[in-house]
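The lines below spell out each chain.
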Amino acid sequence: MNTSKIKSLYLSLKDKQHGFTLIEILVSISILTIGVLGLIGVVDSIMYYQSKSTEVTQATLLTTNKIEEIKRLSTNEPSGGIYGFNYLVTDYLVDKKMTQVNEKTYSFSEVINEGSKLPKMTRTVTLQTYPPDDESSFSDPGKINLLEAVIKTEWTDKRGNKKSVELGSLIHKRHFIE
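Residues numbered from 1 in each chain as written. Predicted model: local features only at pLDDT ≥ 70, side-chain atom pairs only at ≥ 80, totals over all residues. Heavy atoms only, no water.

**Q** Could you clarify how one ought to interpret the environment of valine 165 in this entry?
**A** Within the fold, valine 165 resides in strand β5 (residues 162-172). Since its relative accessible area comes to 11%, valine 165 is described here as buried. Along the chain, valine 165 and valine 56 lie 109 residues apart, while their C-alpha atoms are 7.4 Å from each other. In this structure, valine 165 is in contact with Val56, Ala59, Thr60, Thr63, Ile151, Lys152, Thr153 and Trp155, ignoring residues within four places of it in sequence. (Helix = DSSP H or I, 4+ residues; strand = E, 2+ residues; numbered from the N terminus. Buried < 20%, exposed > 50% of the residue type's maximum accessible area, 1.4 Å probe, protein only. Contact = heavy atoms within 4.5 Å.)

Now the structure itself:
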């Protein structure tokens, strides 16, 4: 074969190929689809964990705020105010319509709905004498020197999983010297 024939054959084949073949296009679309689906999965995970973090933060704040409220109410006022440890083991139980679980434990639940971005949360407040095996009980509030406040906030996340945050605090009856 002489060079001019090879050259003309090459030029004629080169002119017939104008773009990608169907197989090349299908392979590139498949690779692109797999990559995009992977990115969608990553974005979904990021959004879920971001909302989960927001929910846990909000539940922790709600739980901590309730513990701090109870601690504030249990602080005896030296000038003879209405709040104090005695208020907590008597009138607070009535004011909050707490349910008696047994002689040593009272509890109540409240539903908290903080808007459309966060799920509905249920906060349960439990007050119980501490330690549980001593002779103090709510039937004789004067004998209670130590109280355990346990706050549990529960909710269901966007994927239907049950979540909760539980915190507790021991509250001691303070005695003031007049």
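On we go from here.
**Q** I'm lost on the sheet that holds strand β2 (residues 105-112) in this one. Help?
**A** Sheet strands associate in pairs through backbone hydrogen bonding, adopting either a parallel or an antiparallel arrangement. Pairing is antiparallel in the open sheet, where five strands are placed in the order β1-β2-β3-β4-β5. The sheet is open, and its two borders are formed by β1 (99-102) and β5, each paired with just one other strand. On average, each strand axis in the sheet is inclined to that of its neighbour by 20°, with strand direction left out of account. With eight bridges joining them, β2 and strand β3 (residues 121-129) adopt antiparallel strand pairing. Paired with serine 109 across the strands is threonine 124, a residue of β3. (Pairing = 2+ DSSP bridges. Axes fitted to C-alpha atoms, helices over the stretch in contact; angles between N-to-C directions.)

**Q** What is the right way to read the side chain of lysine 66 from this model?
**A** In this fold, lysine 66 is placed in helix α2 (residues 22-74). Judged by its relative accessible area of 2%, lysine 66 is buried. Apart from residues lying up to four places away in sequence, lysine 66 is in contact with Tyr92, Lys96, Phe108, Glu110, Arg123, Val125 and Ile151.

**Q** I would appreciate a short explanation of the pairing of β5 in the present structure.
**A** In terms of strand pairing, strand β4 (residues 146-156) meets β5 through eleven bridges, oriented antiparallel. Of the residues in β5, the one forming a bridge with isoleucine 151 is leucine 167. Between β4 and β5, which follow one another and run antiparallel, lie five residues, and glycine 160 among them has a positive phi close to 85°.

**Q** Would you explain the pattern of salt bridges in this entry?
**A** Note on pairing: side chains with opposite charge can pair once their charged atoms come close. In this structure the tally under the stated criterion is eight salt bridges. Notably, a salt bridge pairs glutamate 110 with lysine 66, separated by 3.9 Å at the nearest N-O pair. A residue pair is termed long-range when its members are at least 10 positions apart, and glutamate 110 in strand β2 and lysine 66 in helix α2 qualify at 44 residues. Between aspartate 140 and lysine 143 there is a salt bridge, with its nearest N and O atoms 3.9 Å apart. Residue lysine 143 is classed as partly exposed on the basis of its relative accessible area of 48%. Through salt bridges that share partners, Lys66, Glu69, Glu110 and Arg123 make up one connected network. (Salt bridge = Lys/Arg side-chain N within 4 Å of Asp/Glu carboxyl O.)

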